[in-house]
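Report on the structure
Take a look at the letters that make up each chain.
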Amino acid sequence: MSDELTPENPETPETESEEPIKQRKNGLYPAVSDELADSMKSGWADTELRDLQPIEQAGHTARRRAELSARFPGERLVIPAGNLKTRSNDTDYPFRASVEYVYLTGNQTEDGVLVLEPKDDGHVATVYLLPRSDRENGEFWLSGQGELWVGRRHSLTESEALYGIPAADVRELADKLREATGPVRVVRGYDAGIQAALTDKVTAERDEELRVFLSEARLVKDEWEVGELQKAVDSTVRGFEDVVRVLDKAEATSERYIEGTFFLRARVEGNDIGYGSICAAGQHACTLHWVRNDGPVRSGDLLLLDAGVETHSLYTADVTRTLPVNGTYTELQKKIYDAVYDAQEAGIAAVQPGAKYRDFHDAAQRVLAERLVEWGLVEGPVERVLELGLQRRWTLHGTGHMLGLDVHDCAAARTETYVEGVLEAGMVLTVEPGLYFQADDLTVPEEYRGIGVRIEDDILVTDHGNRNLSAGLPRRSDEVESWMASLKG
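Residues numbered from 1 in each chain as written. Predicted model: local features only at pLDDT ≥ 70, side-chain atom pairs only at ≥ 80, totals over all residues. Heavy atoms only, no water.

- The chain goes by Xaa-Pro aminopeptidase in an unreviewed UniProt entry, where it is assigned to Streptomyces fuscichromogenes.
- In its Catalytic activity (unreviewed entry) section, the UniProt entry covering the chain states "Release of any N-terminal amino acid, including proline, that is linked to proline, even from a dipeptide or tripeptide." (UniProt positions renumbered as here; feature names shortened; annotations may be inferred.)

Right under this line is the structure:
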């Protein structure tokens, strides 16, 4: 990675009233001659992009902003994208804009802020962005965030065309917000500078109401969002196929070969993985969020692969399959797998418009409790087991969650509208029961220990039932074996 001419503090470009752009302390070029500075100011082609078309979701984001405006009349609303976060020294983590900002704008660039200014009976929206890096003061080649270092930003004019929102320079926003009067709400936790500018104008309670509204607004997905989730799932299916084809290489190396294989598909077809891939072989399958992915992959063991591709619009899939590494389940592995499959079948069947959100969880847990009693691992009757939650020693987690821009979407929604709510057409949720017998669990027969199974699919609530978006991946044990054999063959 080149280290020439990048500054110690690249965040603020030079203006007449500011210090020159600082250079790296130990850079090999300690200064810029006047002749070089003059040379860099000229001789560049006009690269402004014209005749740009609005992004695909522009109509949807406009509708969402209108709904937000109607909910908070007469109030200034501030929704930041967030800032870059330092990974180490002068390197940053890849940027991912806040879901609230993306949901309302479709834009994904760092430092962006959407502001809805109250006017008459509604609001006027402005998206505040960094303009293209300055050629006159040298920012474009001297700043660590300049165009020649990290790539071209859209101009404000280009951004207006793409997102259908008037655009302004975000570097002027903090001063404007400090001078603002009247009620203000901000989505907290993403931009410390913007929050500081509003510190005497906002309250935690009012800001939380804004965050909750934007979370609940995402509970029901529109047609475009469902299409994006289907894209994410379709790429995820191909990622799982990729993994099965290279299981022999994973056996020769480690779980990391699986992680890398799936990541390649996510980066080629989407933006990224939607969350840290869980590539859990053997007893690691009993660790719910095993993301170290540094263990061995052995023939005869199970591989629990929980992974999802995130699309370029940031919608993610979330799918799990538990696969026999050698392509065939042992008798005990199949018994446990089939119990989880039956529980998932019951859970999926309970996903219906008008049903309580909890119904799919309760249906799946009942099946798992019945099997645990049947196998003599817990004392019945089943009603007692469920009442006391005794099955949770081996099931551990809830049976699903909402899915969307976040893998655990809508998490800030009120309990009464989410967990205690009712399913509606357009909601997308996971159904993912599991059984996990820890390697050190002395309450189960030795042969059970170290076996973990989860099956997870992404389910769309429809007008008359549900649709499994991830039906392209086999679930039944015999179908999984046939599918793996066909890919390996």
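1. Considerations on the layout of surface pockets
- Of the voids in this model, the second largest pocket is the one considered here, and its volume is about 650 Å³.
- Lining the second largest pocket are 32 residues; nearest its centre among them are His397, Gly398, Thr399, Gly400 and His401.
- Sorting the residues of the lining of the second largest pocket by element identifies helix H14 (359-374) and helix H16 (392-395) as the ones contributing at least two each.
- At four residues, the largest contribution of residues to the lining of the second largest pocket is made by H14.
- By residue class, the composition of the lining of the second largest pocket is eleven nonpolar, 13 polar and eight charged. (1 Å grid on protein atoms, 1.4 Å probe; cavity = no way out; pocket = protein on both sides within 12 Å on 5 of 7 lines; lining within 4 Å. Points joined across faces, edges and corners; volume = space filled by probe spheres on them. Helix = DSSP H or I, 4+ residues; strand = E, 2+ residues; numbered from the N terminus. Nonpolar A, V, L, I, M, F, W, Y, C, P; charged D, E, K, R; others polar.)

2. Let's talk about the sheet that holds strand S6 (residues 167-169)
- Strand order in the open sheet made by the five strands is S6-S5-S4-S1-S7, with mixed pairing throughout. Edge positions in the sheet fall to S6 and strand S7 (184-186), since each has one partner strand and no second. Pairwise comparison of adjacent strand axes, ignoring direction, gives a mean angle of 25 degrees for this sheet.
- Pairing geometry for strand S1 (residues 76-80) and strand S4 (residues 113-119), over four bridges, is antiparallel. The partner of proline 80 across the bridge, within S4, is valine 113.
- The strands touched by helix H2 (residues 58-71) within the sheet are S1, S4 and strand S5 (122-129), with S4 carrying the most contacts at an inclination of about 50 degrees. (Pairing = 2+ DSSP bridges. Axes fitted to C-alpha atoms, helices over the stretch in contact; angles between N-to-C directions. Contact = heavy atoms within 4.5 Å.)

3. Notes on the state of the cysteines
- Enumeration over the complete set of coordinates arrives at zero disulfides.
- Not engaged in a disulfide, the cysteine cysteine 279 finds its nearest cysteine sulfur in cysteine 286; these two sulfurs lie 16 Å apart. (Disulfide = S-S within 2.5 Å.)

4. Some words on the pairing of strand S13 (residues 428-431)
- Here S13 shows two buried faces, one formed by Val428 and Thr430 and the other by Leu429 and Val431.
- In the sheet, S13 pairs with strand S16 (residues 457-461) via four bridges, with the strands oriented antiparallel. Directly across from threonine 430, in S16, lies its bridge partner aspartate 458. (Buried < 20%, exposed > 50% of the residue type's maximum accessible area, 1.4 Å probe, protein only.)

5. A short note on the side chain of aspartate 207
- Locating aspartate 207 in the fold gives a position in helix H9 (residues 204-217).
- Residue classification places aspartate 207 among the buried positions, given a relative accessible area of 2%.
- In contact with aspartate 207, other than residues within four places in its own chain, are Val184, Arg185, Val186, Arg188 and Val202.

6. Here we look at the pattern of salt bridges
- For the structure on display, the rule yields 40 salt bridges.
- Salt-bridge contacts for arginine 64 lead to aspartate 222; the nearest nitrogen and oxygen are separated by 2.9 Å. Here arginine 64, found in helix H2, pairs with aspartate 222, found in the loop between H9 and helix H10 (223-245); they are 158 residues apart in sequence, far enough to count as distant. Like aspartate 222, arginine 64 is buried.
- A salt bridge links aspartate 306 to arginine 454; the shortest N-O distance between them is 3.0 Å. Within this pair, whereas aspartate 306 is found in strand S10 (residues 302-307), its partner arginine 454 is found in strand S15 (residues 451-454), the two being separated by 148 residues in sequence.
- With relative accessibility at 5%, the residue aspartate 306 sits in the buried group.
- For arginine 454, a relative accessible area of 3% translates into the label buried. (Salt bridge = Lys/Arg side-chain N within 4 Å of Asp/Glu carboxyl O.)

7. As for the packing of H2 against H9
- Orientation of H2 relative to H9, taken along the N-to-C sense of each, is 140 degrees, at an axis distance of 11 Å. Classified by the angle between their axes, H2 and H9 sit oblique to one another. Handedness of the H2/H9 crossing: right-handed. Across the interface between the two elements, Glu67, Leu68 and Arg71 from H2 touch Leu210, Phe213 and Leu214 from H9.
- Its residues assigned to classes, the contact of H2 with H9 comprises four nonpolar, no polar and two charged. (Parallel < 35°, antiparallel > 145°, perpendicular 65-115°, else oblique. Left-handed = near helix turned anticlockwise from the far one by under 90°.)

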